[in-house]
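# Structure at a glance
One-letter residues, chain by chain:
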Amino acid sequence: MKTSNPVLARLGQAAERERATGYAPTGPYGQPGYPPQQYPGATGYPAAPPTVTPMSIDDVVVKTVMLLGILGASAAAAWVLVPDSLLGVAWIGAAVVGLVLGLIISFSRMANPALVVAYSVVEGVFVGMVSKAFNSLYDGIVLQAVVATFGVFFLMAMLYKARVIRATPKFVRGMVAAMVGLFAVMMINLVLSLFGVNTGLRDGSPLAIGFSLVCIVVASLSFVLSFAEVEEGVRMGLPQRYSWTAAFGILVSLVWLYIEILRLLSYFQGDD
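Every value quoted in this text rests on a predicted model; they were computed, and no experiment measured them.

## A few points about the overall build of the protein chain
The helix and strand inventory of the protein chain stands at eight helices and zero strands. Shown N-terminal to C-terminal, the secondary structure of the protein chain runs as helices and strands in the order α-α-α-α-α-α-α-α. Within the protein chain, the fraction of its 272 residues that count as buried is 41%. When contacts within the protein chain are restricted to residue pairs at least 6 apart in sequence, those whose partners lie at least 24 apart make up 80%. With an accessible surface of roughly 14,500 Å², the protein chain has 70% of that area assigned to carbon and sulfur atoms.

Right under this line is the structure:
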């Protein structure tokens with residue numbers, strides 16, 4: 001089955017190769033890919049057919065809950081164990097490592113559960129440090145952000161299930177363009193801020209509020225892409241371990257949405 005999602009298409013190709021593994025002709029010493037007519041000892045068939053369990057929606061749900069649990073435990077540990085004097089270092093370090101791991105997972109052709117779990121741990125440290133910093137300034141803001149984040153997530157899940165919002169090819173292309181554009185803008189803004197340049201995107205001004213609202217809308221709509229990937233992955237019969245990749249996509253959107261909501265709430269409490 002073809003898909004308009006380039007990431008899922010790449011995963012589908014990798015999964016197809018995995019399913020084909022073991023069905024290629026085998027050589028006299030068990031090497032795959034050697035035709036029987038070229039090697040007299042080749043059988044042309046494996047000793048036993050491979051067994052590939054396809055992933056299901058339940059698999060993705062379980063993996064997502066597991067990753068959220070790991071992230072939450074990591075965030076709580078970082079909040080308690082990391083001293084305030086090292087908060088900034090831990091925050092930046094976790095952000096950089098998480099970005100690198102996220103890019104590796106996103107562009108990898110194979111599902112790697114270990115990398116996904118490692119990403120969840122690192123993002124937990126990042127989320128814990130950011131939350132601790134904001135909560136020290138605005139008491140109770142973290143709980144508000146958590147409730148709002150999961151509220152938005154369940155709302156998008158219901159809208160998707162009711163087919164109010166659908167991941168059409170045009171929608172997918174628009175969302176990919178929007179996310180890439182926002183990522184580029186945020187990276188440029190970060191670099192400029194290191195040199196003391198204030199673009200007004202993160203200072204609590206009306207422009208900053210508008211930018212955060214745009215980020216929240218895009219982050220919320222990105223769940224539609226994740227839900228569509230899960231459905232298509234199940235229909236394509238991707239191996240069960242690809243449910244880790246699908247759960248990773250949902251986790252990324254949840255973290256992004258949470259950080260943007262946290263930031264937006266802080267703008268409205270800045271004068272307290």
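## A closer look at unusual backbone geometry
Phi is positive for R163, close to 60 degrees, though the residue is something other than glycine. Secondary-structure assignment places R163 in the loop between α5 (141–161) and α6 (169–194). R163 gets classed as partly exposed once you look at its relative accessible area, which sits at 38%.

## Things to note about α6
Between the first and last C-alpha of α6 there are 38 Å, a value that for 26 residues agrees with the 38 Å anticipated at 1.5 Å per step. Looking only at α6, the buried set comprises F171, V172, M175, L182, M186 and N189. Tucked into the core, α6 has its buried residues touching α7 (206–236) and α8 (243–268). Within two residues after α6, G196 carries a phi angle of roughly 80 degrees, on the positive side.

## Examining the packing of α5 against α7
The geometry of α5 relative to α7 is characterised by a closest axis approach of 9 Å and an angle of 50 degrees between their N-to-C directions. One way to sum up the angle between α5 and α7 is to call them oblique. Between α5 and α7 the crossing geometry is right-handed. Each of V152, F153, M156, A157 and Y160 in α5 lies in contact with α7, whose residues at this interface are S220, L221, F223, V224, F227, A228 and E231. Residue composition of the contact of α5 with α7, by class: ten nonpolar, one polar and one charged.

## Notes on helix α2 (residues 57–81)
Taking 1.5 Å per residue as the helical rise, α2 with its 25 residues ought to reach 36 Å, and the 36 Å between its terminal C-alpha atoms agrees with that figure. When α2 is considered as a whole, its buried residues turn out to be D59, V60, K63, T64, L67, L71, S74, A75 and A78. Tucked inside the fold, the buried residues of α2 contact α4 (113–137), α7 and α8.

## A few points about the nonpolar core
The biggest cluster of nonpolar side chains holds 60 residues, and the ones touching the most others in it are L182, F223, W256, Y258 and L262. Mapped onto this core, the elements with two or more residues apiece are α2, α3 (87–107), α4, α5, α6, α7 and α8. Looking at this core element by element, the count peaks at 16 residues for α8. Beyond its immediate stretch of four places on either side in the chain, Y258 contacts V127, S131, V142, A145, V146 and T149. Among the nonpolar cores identified, the runner-up in size contains six residues, and V82, L87, A90 and A133 belong to it.

## Observations concerning the packing of α5 against α8
Contact pair α5 / α8: the axes reach a minimum separation of 9 Å and the direction vectors enclose 135 degrees. It follows that α5 is oblique to α8 by the angle criterion. The two elements α5 and α8 cross, and the hand of that crossing is right-handed. Two secondary-structure elements touch here, α5 through I141, V142, Q144, A145, V146, A148, T149, V152 and F153 and α8 through I250, L254, L257, Y258, I261, L262, L265 and S266. Here the residues of the contact of α5 with α8 sort into 14 nonpolar, three polar and no charged.

## A short note on the side chain of S120
Looking at the element boundaries, S120 is found in helix α4. The buried category is assigned to S120, whose relative accessible area is 0%. Not counting residues up to four positions away in its chain, the partners in contact with S120 are L67, I70, L71 and L251.

## A look at the environment of Q144
As for its position among the elements, Q144 is in helix α5. Residues Q144 and Y258 lie 114 residues apart in sequence; the distance between their C-alpha atoms is 10.0 Å. Setting aside anything within four residues of it in sequence, one finds Q144 in contact with L265 and Q269.

The rules behind each value
Sequence order sets the numbering: in each chain, residues are counted from 1 along the sequence as written. Under the rules for a predicted model, residues below a pLDDT of 70 receive no local features and side-chain atom pairs below 80 are neither given nor counted, while totals for whole chains, interfaces and linings still include all residues. Calculated side-chain values reflect all of the structure's heavy atoms, with hydrogen atoms and water omitted. Helix and strand definitions follow DSSP, with helices as H or I runs of at least four residues and strands as E runs of at least two, each counted in order from the N terminus. Think of it in three bands: with a 1.4 Å probe and only protein chains considered, a residue is buried below 20% of the maximum accessible area for its type, exposed above 50%, and partly exposed in between. Contacts between residues were defined by any pair of non-hydrogen atoms, one from each residue, lying within 4.5 Å. Here the Shrake-Rupley method, with its probe set to 1.4 Å, supplies the accessible areas, and only the displayed protein chains count as covering residues. What a helix is expected to span follows from its residue count: subtract one and scale by 1.5 Å. Comment: axis = line fitted to C-alpha atoms, over the contacting stretch for helices; angle = value between 0 and 180 degrees taken between N-to-C directions. An angle below 35 degrees is treated as roughly parallel, one above 145 as roughly antiparallel, one from 65 to 115 as roughly perpendicular, and anything else as oblique. Take the far helix as your reference; a near helix turned counterclockwise from it by less than a right angle gives a left-handed crossing, and one turned clockwise gives a right-handed crossing. Any residue that is not Ala, Val, Leu, Ile, Met, Phe, Trp, Tyr, Cys, Pro, Asp, Glu, Lys or Arg is counted as polar, Gly included; the first ten are nonpolar and the last four charged. Nine residue types can take part in a nonpolar core, namely buried Ala, Val, Leu, Ile, Met, Phe, Trp, Tyr and Cys, and a core is a set of them joined through side-chain atoms within 4.5 Å.

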